[in-house]
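# Tertiary structure, described
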Amino acid sequence: MSKKLKPQRLESIVKTNRYVYQLIDRTSNYAIFAQMNELGGVPIGYEVIRITMTGGKTFKGKYYPPKERYPCASQFGRYGWSYRDLKDALAKYEAFREQENQVKQLISILLPEETV
């Protein structure tokens, strides 16, 4: 029996497009990052993302294990949102957290664990 691989977690520091993104907080599906220029310093913005998955398949004979990933630029608006103000970013992130908690509660009601 094959064992299902756990995906590699998204890094807490992501470097892309001359920016550095530092993880502030995350849930299983969403995260909020502070955006800084590549030289560091104070945040210049914030991004709330829906964590996406990639890999877990073989391409041209090479196996790529599953891993979480930061959405690419073309996915923003659907999987990522940029904010200048931390308060606005936190409001979006908290809305996603609340939605995620409601779904978990609904699942636990509809699919209670079976007792042995």
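Everything discussed here concerns the structure shown above.
Every value quoted in this text rests on a predicted model; they were computed, and no experiment measured them.

## Brief notes about the overall build of the protein chain
Within the protein chain, the regular secondary structure consists of 1 helix and 9 strands. Put simply, the protein chain runs from its N terminus to its C terminus through helices and strands in the order β-β-β-β-β-β-β-β-β-α. By the compact-globule yardstick of 13 Å for 116 residues, the protein chain is too spread out, its C-alpha radius of gyration being 17 Å. A principal-axis box enclosing the C-alpha atoms of the protein chain has dimensions of 55 × 40 × 20 Å.

## Structural notes on unusual backbone geometry
Positive phi outside glycine occurs at Asn17, with the angle close to 50°. Mapped onto the secondary structure, Asn17 falls in the loop between β1 (13–16) and β2 (19–26). Unusually for a residue other than glycine, Lys60 sits at a positive phi of about 50°. Structurally, the position occupied by Lys60 is in the loop between β6 (57–59) and β7 (62–64). On the basis of relative accessible area, Lys60 is assigned to the exposed category, the value being 77%.

## What to know about the sheet that holds β1
On the basis of which strands lie adjacent, the open sheet formed by 5 strands has the order β1-β2-β3-β4-β9 and antiparallel pairing. Because the sheet does not close on itself, it has two edges, and the strands there are β1 and β9 (80–83). Strand-to-strand twist in this sheet, taken as the mean axis angle between neighbours without regard to direction, amounts to 30°. Sheet topology note: the strand β4 (residues 40–50)/β9 ladder contains 4 bridges and is antiparallel.

## Here we look at the packing of aromatic side chains
Evaluated as defined, the whole model comprises 5 aromatic pairs. Aromatic side chains Tyr30 and Phe96 sit 4.2 Å apart centroid to centroid with 5° between the ring planes, which places their arrangement in the stacked category. With Tyr30 in strand β3 (residues 30–37) and Phe96 in helix α1 (residues 86–110), this pair connects stretches of sequence that are 66 residues apart. Judged by relative accessible area, Tyr30 falls into the buried class, the value being 11%. Classification of Phe96 by relative accessible area gives buried; the value is 11%. The lysine or arginine in question, Lys92, covers the ring of Trp81, its NZ or CZ lying 4.6 Å from the ring centre.

What counts and how
- Residues numbered from 1 in each chain as written.
- Predicted model: local features only at pLDDT ≥ 70, side-chain atom pairs only at ≥ 80, totals over all residues.
- Heavy atoms only, no water.
- Helix = DSSP H or I, 4+ residues; strand = E, 2+ residues; numbered from the N terminus.
- Rg over C-alpha atoms; globule rule 2.2 N^0.38 Å.
- Buried < 20%, exposed > 50% of the residue type's maximum accessible area, 1.4 Å probe, protein only.
- Pairing = 2+ DSSP bridges.
- Axes fitted to C-alpha atoms, helices over the stretch in contact; angles between N-to-C directions.
- Phe/Tyr/Trp six-rings, centres within 6.5 Å; stacked < 30°, edge-to-face > 60°.
- Lys NZ or Arg CZ within 6 Å of the ring centre and 35° of its normal.

By themselves, these figures tell us nothing about what the structure is for.
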